[in-house]
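The residues making up each chain are set out below.
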Amino acid sequence: MSALLTLATRRTAPSPEPKHSMSTRLISIEGIAKRYPQKGGAPVTIFEDFWLPIEQGEFVCIIGHSGCGKSTVLNILAGLLRATEGGVALEGKEVNEPGPDRAVVFQNHSLLPWLTAFENGELAVKQVFKKTKSKAEIRDWVEHNLELVHMAHAMHKKPDEISGGMKQRVGIARALL
């Protein structure tokens, strides 16, 4: 484990020490590293040799100082970034791109300012489901998720027309998509 990241885990129910392989764990992060190239110099290492098996029912927190790689680990787990080394598996399947089986609620709401709350959600659905849903299914899916976070009344408003908390709820609705 990287000295820069600290993990806190708690099982929600007692369970024996896992004797599973990477293929039977809920999540398996194995020896990942993230490095960024630098012009004319050695790559910058954000973290390296990070291992974390997560079983069903565990609650996990990643704690560390600003810039140590917490969000980077989550983005790798979500399939938004690729690790420089090592690998991540979700239920035994390698994670190498975003998928409908996981979601991220960003620290910043990350809404596109020229789109309405509905259109921001719709964009996510179209990206994730890649034309496997009809227009009516997409509309119903987005409306349902905006209703779940009590934002149906503002679905046609743009981000600059709603409060910060409402923007976060739209971000959560988008993650539920």
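Heads up: the structure comes first, above all this text.
Residues numbered from 1 in each chain as written. Predicted model: local features only at pLDDT ≥ 70, side-chain atom pairs only at ≥ 80, totals over all residues. Heavy atoms only, no water.

A. A look at the overall build of the protein chain. Counting its regular elements, the protein chain contains 4 helices and 6 strands. A total of 177 residues make up the protein chain; the buried ones form 34% of that total. For the protein chain, the proportion of contacts with a sequence separation of at least 24, taken over those separated by at least 6, is 61%. Split by element, the accessible area of the protein chain, about 10,900 Å² in all, is 56% carbon and sulfur. (Helix = DSSP H or I, 4+ residues; strand = E, 2+ residues; numbered from the N terminus. Buried < 20%, exposed > 50% of the residue type's maximum accessible area, 1.4 Å probe, protein only. Contact = heavy atoms within 4.5 Å. Areas by Shrake-Rupley, 256 points an atom, 1.4 Å probe, with all protein chains shown as cover.)

B. Representation of the pattern of salt bridges. Across all of its chains, the model carries 7 salt bridges by this definition. Between Arg25 and Glu30 there is a salt bridge, with its nearest N and O atoms 4.0 Å apart. Using a relative accessible area of 15% as the deciding quantity, one classes Arg25 as buried. In this structure, a network of salt bridges that share partners links the residues Arg25, Glu30 and Glu55. (Salt bridge = Lys/Arg side-chain N within 4 Å of Asp/Glu carboxyl O.)

C. Summary view of the side chain of Arg35. You can see Arg35 is positioned in strand β2 (residues 27-38). Within polar-contact distance, the side chain of Arg35 engages the side chain of Glu85 at 2.7 Å. Apart from residues no more than four positions distant in its own chain, Arg35 is found in contact with Pro43, Val44, Thr45, Glu48, Thr84 and Glu85. (Polar contact = N/O pair within 3.5 Å; in protein donor to acceptor, adjacent residues only side chain to side chain.)

D. Representation of the pairing of strand β5 (residues 85-90). Direction of pairing for β2 relative to β5: antiparallel, over a ladder of 5 bridges. Bridged to Ile27 within β5 is Leu90. In terms of strand pairing, β5 meets strand β6 (residues 93-94) through 2 bridges, oriented antiparallel. Each bridged residue has a counterpart across the sheet, and for Ala89 the counterpart in β6 is Glu94. Between β5 and β6, which pair antiparallel in sequence order, lie 2 residues; one of them, Glu91, sits at a positive phi of approximately 50°. (Pairing = 2+ DSSP bridges.)

E. Geometry of the nonpolar core. Residues Val142, Leu146, Met151, Ile162 and Val170 are the most contacted members of the largest nonpolar core, which totals 16 residues. Mapped by element, the contributors of at least two residues to this core are α2 (117-129), α3 (135-148) and α4 (164-176). At 4 residues, α2 tops the list of elements feeding residues into this core. If sequence neighbours within four positions are ignored, Leu146 has contacts with Ala117, Phe118, Met151, Ala152, Met155, Val170 and Ala173. Counting 14 residues, the second-largest nonpolar core is a separate cluster that includes Ile46, Leu77, Val88 and Val95. (Core = buried A, V, L, I, M, F, W, Y, C linked by side-chain atoms within 4.5 Å.)

F. Examining α2 more closely. The first and last C-alpha atoms of α2 sit 19 Å apart over 13 residues, in line with the 18 Å expected at 1.5 Å per residue. Taken together, the buried positions of α2 are occupied by Ala117, Phe118, Asn120, Gly121, Ala124, Val125 and Phe129. One side of α2 carries all its buried residues, which in axial view fall inside an arc of 165°. Lining the buried residues of α2 we find α3 and α4. Lys130 occupies a position one or two residues after α2 and carries a positive phi of about 40°. (Expected span 1.5 Å × (residues − 1). Arc of directions from axis to C-beta.)

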